[in-house]
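Understanding the architecture of this molecule
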Amino acid sequence: MAVDKEALFRPRCPEQDVELPGVGVVRVRGLTRGEIVEISKGVNEGRDMEPRSLSLALVDPQLTEDEARRLIEVAPFGDVELLTTTVNELSGIAGRAAKEAYKSPRE
């Protein structure tokens, strides 16, 4: 059975609701491969890419990068970590850093 080529180009990142205590529920999505590559390049250049990542991943409410930066400045660490962890899981990259560290030779 052939795949409809256009189906390959439709957004299909999984989404999930996340409960932020004392705030309510927000909806996030996984990042695309292209978005992860963009964020990785920025990190490798020494830029803080967390606001960019959150602005891409937050579906409801949608945030600009500046709004995501404001959120990071005022939210408890645990809230931002919960959002980031959920996005990483939905993106299929959760735990990769730990696996890579395990593979790296120790000096």
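In what follows, the structure referred to is the one given above.
Scoring rules and cut-offs
Residues numbered from 1 in each chain as written. Predicted model: local features only at pLDDT ≥ 70, side-chain atom pairs only at ≥ 80, totals over all residues. Heavy atoms only, no water. Helix = DSSP H or I, 4+ residues; strand = E, 2+ residues; numbered from the N terminus. Buried < 20%, exposed > 50% of the residue type's maximum accessible area, 1.4 Å probe, protein only. Axes fitted to C-alpha atoms, helices over the stretch in contact; angles between N-to-C directions. Parallel < 35°, antiparallel > 145°, perpendicular 65-115°, else oblique. Left-handed = near helix turned anticlockwise from the far one by under 90°. Contact = heavy atoms within 4.5 Å. Pairing = 2+ DSSP bridges. Salt bridge = Lys/Arg side-chain N within 4 Å of Asp/Glu carboxyl O. Core = buried A, V, L, I, M, F, W, Y, C linked by side-chain atoms within 4.5 Å.

What about the environment of Q62?
By secondary structure assignment, the location of Q62 is in the loop between β3 (58-60) and α4 (65-74). By relative accessible area, Q62 is classed as exposed at 66%. For the pair Q62 and V26, spaced 36 residues apart in the sequence, the C-alpha separation amounts to 9.4 Å.

Topic: the packing of helix α3 (residues 50-57) against α4
Axis separation between α3 and α4 bottoms out at 8 Å; the angle between their running directions is 110°. On the basis of the axis angle, α3 is roughly perpendicular to α4. Considering the relative orientation of α3 and α4, their crossing is right-handed. In this structure, α3 uses E50, P51, R52, L54 and S55 to contact α4, whose residues at the interface are E65, A68, R69 and I72.

As for the pairing of strand β1 (residues 15-20)
The pairing of β1 with strand β2 (residues 24-29) spans 6 bridges and is classified as antiparallel. In the sheet register, V18 faces β2, and the bridge partner there is V26.

Some words on the pattern of salt bridges
Pairing between side chains becomes possible if they bear opposite charge and their charged atoms approach one another. Within the structure shown, the criterion is met by 9 salt bridges. One continuous salt-bridge network, built from bridges that share partners, spans E38, R52, E65, D66 and R69.

Here we look at the nonpolar core
One finds V18, V26, V28, L31, L54, L58 and L83 to be the most contacted residues of the largest nonpolar core, which totals 19 residues. Secondary structure elements with two or more residues in this core: β1, β2, α2 (33-44), α3 and α5 (77-91). In terms of residue count, α5 provides more of this core than any other element does, 4 residues in total.

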